[in-house]
Amino acid sequence: MADKKHRNRRARSSTDKSSGRVDPSPPSDEVGRSKLRIIAIVVAGAMALLASVYFAWFSRQREPSVKAALNVDSTTSAAYVGSASCQGCHEVAYKEWQGSQHQAAMQEANEQSVLGNFSSTKFNYAGITTTFFKRDGKFFVNSDGPDGKLGDYQIKYTFGVAPLQQYLIGFSDGRLQALSIAWDARPKNAGGQRWFHLYPDERITHEDELHWTRAAQNWNFMCADCHSTHLRKNYDAATNKFHTQWSEISVGCEACHGAGSRHLTWAATQSPPLEKGEESLKGLSARLDERRGIVWTPNPTTGNSARSKPRASEREIEVCAQCHARRGQIAEGYHAGKPLLNYYRPALLTSPLYYPDGQQRGEVYNWGSFLQSKMYAHGVTCSDCHNPHSGKLRAQGNTLCASCHAPAKYDAAAHHHHAPASAGAACVACHMPSTTYMGVDPRADHSLRVPRPDLTVKFGVPNACNGCHKNRDASWAAAQVNGWYGHEAQGYQRFAAPFHAAEAGALDAPAQLRAITSDSTQPAIARASALSQLNAATGQPTGDALEKGLRDGNALVRLGALQAIARGSTADRLTLVEPLLADPLRA
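Residues numbered from 1 in each chain as written. Predicted model: local features only at pLDDT ≥ 70, side-chain atom pairs only at ≥ 80, totals over all residues. Heavy atoms only, no water.

Peer 1: I tried to follow the overall build of the protein chain on my own but got confused; where do I start?
Peer 2: Of the regular secondary structure elements, the protein chain holds 22 helices and 21 strands. Considering only contacts within the protein chain whose residues lie at least 6 apart along the sequence, 60% involve residues at least 24 apart. Looking at the protein chain as shown, the accessible area adds up to about 27,200 Å², and 54% of this sits on carbon and sulfur atoms. (Helix = DSSP H or I, 4+ residues; strand = E, 2+ residues; numbered from the N terminus. Contact = heavy atoms within 4.5 Å. Areas by Shrake-Rupley, 256 points an atom, 1.4 Å probe, with all protein chains shown as cover.)

Peer 1: Help me understand the pattern of salt bridges in this model?
Peer 2: Side-chain pairs of opposite charge can arise where the charged atoms are in close proximity. On inspection of all chains with the given rule, the structure shows 21 salt bridges. Taking the shortest distance from any N to any O, the salt bridge between Asp357 and Arg449 comes out at 3.8 Å. Remark: Arg449 occurs in the loop between strand S21 (441–444) and helix H14 (453–459) and Asp357 occurs in the loop between strand S19 (344–346) and helix H7 (367–370); sequence separation between them is 92 residues. Of the charged contacts in the structure, one is a salt bridge between Asp552 and Arg527, with a shortest N-O distance of 2.6 Å. Of this pair, Asp552 sits in the loop between helix H20 (540–550) and helix H21 (555–565) while Arg527 sits in helix H19 (residues 524–532), placing them 25 residues apart in sequence. The pair Asp552 / Arg527 is uniform in exposure class, with both members buried. (Salt bridge = Lys/Arg side-chain N within 4 Å of Asp/Glu carboxyl O. Buried < 20%, exposed > 50% of the residue type's maximum accessible area, 1.4 Å probe, protein only.)

Peer 1: Can you help me understand the pairing of strand S5 (residues 121–125) in this one?
Peer 2: Side-chain positions along a regular strand alternate between the two faces of the sheet. Judged by which residues are buried, S5 turns out to be one-sided: Thr121, Phe123 and Tyr125 face inward and are buried, whereas Lys122 and Asn124, on the alternate face, are not. Here S5 pairs with strand S6 (residues 128–135) via 5 bridges, running antiparallel. Within S6, the position partnered with Asn124 by the bridge is Thr129. (Pairing = 2+ DSSP bridges.)

Peer 1: What is the right way to read the state of the cysteines from this model?
Peer 2: Cysteine pairs can be linked by a disulfide, which is a covalent bond between their two sulfur atoms. Summed over the entire model, instances satisfying the criterion amount to 1 disulfide. The disulfide that involves Cys226 links it to Cys323, with 2.5 Å between the sulfurs. Torsion about the S-S bond of the Cys226 and Cys323 cystine: about -110°, corresponding to left-handed handedness. With Cys226 in the loop between helix H3 (219–222) and strand S13 (235–236) and Cys323 in the loop between helix H6 (315–321) and strand S18 (327–329), this pair connects stretches of sequence that are 97 residues apart. Since its relative accessible area comes to 7%, Cys226 is described here as buried. Residue class for Cys323 comes out buried when judged on its relative accessible area of 14%. (Disulfide = S-S within 2.5 Å.)

Peer 1: Can you walk me through the side chain of Asp583 in this structure?
Peer 2: Assignment of secondary structure puts Asp583 in the segment after helix H22 (570–577). At 2.7 Å, the side chain of Asp583 and the side chain of Arg558 are in polar contact. (Polar contact = N/O pair within 3.5 Å; in protein donor to acceptor, adjacent residues only side chain to side chain.)

Peer 1: Sorry if this is basic, but what is going on with helix H5 (residues 261–269) here?
Peer 2: Since the α-helix advances by 3.6 residues per turn, residues separated by three or four positions end up pointing in the same direction. The set of residues buried in H5 consists of Ser261, Arg262, His263 and Trp266. Next to the buried residues of H5 lie strand S3 (78–79). In the segment just after H5, Gln270 is the residue with positive phi, at about 60°.

Peer 1: Which parts of the structure should I look at to understand the pairing of strand S20 (residues 434–437)?
Peer 2: Relative to S21, S20 runs antiparallel, the two sharing 4 bridges. In the sheet register, Ser434 faces S21, and the bridge partner there is Ala444. Counting the residues between successive antiparallel strands, the hairpin from S20 to S21 contains 3 residues, one of them, Met438, with a positive phi of roughly 50°.

Peer 1: Looking at this model, I keep getting lost on unusual backbone geometry. Mind explaining?
Peer 2: Across residues other than glycine, the phi torsion is negative in most instances, and most of the peptide bonds are trans. At the junction of Ala162 and Pro163, the peptide bond is cis and its omega measures out at 0° in the coordinates. The residue Pro163 is located in the loop between strand S8 (150–159) and strand S9 (164–170) in this model. For His417, which is not a glycine, the phi torsion comes out positive at approximately 55°. Looking at the element boundaries, His417 is found in the loop between helix H12 (413–416) and helix H13 (427–431). Take His417: its relative accessible area is 28%, and that puts it in the partly exposed class. Here Ala421, not a glycine, exhibits a phi torsion of approximately 70°, which is positive. By secondary structure assignment, the location of Ala421 is in the loop between H12 and H13.

Peer 1: So what exactly am I meant to see when it comes to the environment of Phe495 here?
Peer 2: As for its placement among the helices and strands, Phe495 is situated in the loop between helix H16 (474–485) and helix H17 (496–504). On a C-alpha basis, the gap between Phe495 and Gly358 in space is 8.0 Å, while along the polypeptide they are 137 residues apart. Ignoring anything within four residues of it in the chain, the contact list for Phe495 reads Leu349, Pro356, Asp357, Gly358, Gln372, Ile516, Gln522 and Ala526.

Peer 1: How should I be thinking about the packing of aromatic side chains in this particular structure?
Peer 2: Think of a pair of aromatic rings as described by two things: how far the centres are apart, and how the planes are tilted against each other in angle. Scanning the entire structure with this criterion turns up 20 aromatic pairs. With a centroid separation of 5.7 Å and an interplanar angle of 75°, the aromatic rings of Phe370 and Tyr376 are classed as edge-to-face. We note that Phe370, like Tyr376, is buried. Taken together, a centroid distance of 6.3 Å and an interplanar angle of 90° make the contact between Trp484 and Tyr485 edge-to-face. Residue Tyr485 is classed as partly exposed on the basis of its relative accessible area, which comes to 40%. An aromatic cluster of three or more residues is present, and its members are Phe118, Phe132, Phe139, Tyr167, Trp183 and Trp195. Between Arg175 and the ring centre of Phe171, over which it is positioned, the NZ or CZ distance is 4.5 Å. (Phe/Tyr/Trp six-rings, centres within 6.5 Å; stacked < 30°, edge-to-face > 60°. Lys NZ or Arg CZ within 6 Å of the ring centre and 35° of its normal.)

Written as structure tokens, this is what we have:
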């Protein structure tokens, strides 16, 4: 969708970020029922509900009933009051947010918000000529509908703003559908200011699952919760309609900070009717203050800085992860301070979403990449590099990296082996190579890795060197690196060989994966990913590893073990998974 929710039939995942699947059926507590029936009821009920949501209403074509609402968070009794209420005290942050991609994530279609050319512009695709035009001050598109016939459809909302903008069309059963022809918002000299199709190499007709009128392009349950604040899908199975609501149409202050009414009371009186122990929160559900009082001190020997004290929470990172992660939604109601895995089931580092070495392959966003990085392990959080209100970097180019990494050591030809100030001398060119999604949107890999052309030679994964030096092969690049440093490149991510073995179906893959699961120096998400790729039926060593994983203190590791056991026998599932019925996290 517009915030980069590219649908690919060859890379679907049960943990698709934009699936929006909600399972409202809690485990049964009925006394006297067998554990087997408990599990059966939960699974059957969830699957039946998901099936009804996923398929039932897509055959109906009507006009929209999406609307805003002033909602109350039932868990805190705090009301959502809107971003404008924050401006009086937080003027700088509010000004930074104005004009940001968060603030423009979704808008009503009007002369100010619509970027595309609607001057009777035509676009040809798959034998269909689509026309973009205006009538009576409103924006329309004439294109093929659910039956393949041309019809006029009004644009209700814009979706996203840069580097592309999509458009939402409403139907009377409450659906909003994202048109697959998008506007390239880049400057003309960069190839933009044009209409383009999100699937240029395919022929998507009205019978295809990726057609704009079909389920894969639905806003309500695919992508809505990441473009609006406090969104509730409100699908009614009895009437086969959505009555989707939000407290704010775009990503406002409360999307990250939680409902604000109690905070306003605190600000006005300094003595609000708060529950015991809430005073330090200032009426908020959580304070995103992991960076408060933190100093990064340079080490003159290594050239790297160290955090003054370890990061003790995941609050900020999980707030970002609710949208900047590839995940499936399992419950509504997440806000700052709540555990991410109570509301979302994130994707792990497995094919086809990731390469065996952990580099992004599919559209995975940032969280899974970042959790495998050395930066994350050393306490870096999202807002160390990004201004969370403007969405911009805190500094540009190598200057940002120099805030923690001594430029005399790292921004030098002796380190990067490129001409100073050249494209190859940019830190991100080597350590955060980008992949382009949705045709025009390059996104940097947040695993912040050392270039490893040697792994390209061994396993066929990409590397940053050949991303630029396309006229050379990986063996040449690996030889260059070896010549510079006297050995093969070394990196923080050390799981490429086992994950490649698993993807290739190698006989020794289980043993290699088990070695990763028991290595405490590996990132937790790598251990979880290794567990998830094990086969519970391959013997006692694997069974022991999975059973140990289910008891791990890290929730992601438990999730990885659970995913492997879910593919095992019924007896194994009943025996091993029973303790997880009491796990504090839904995922």
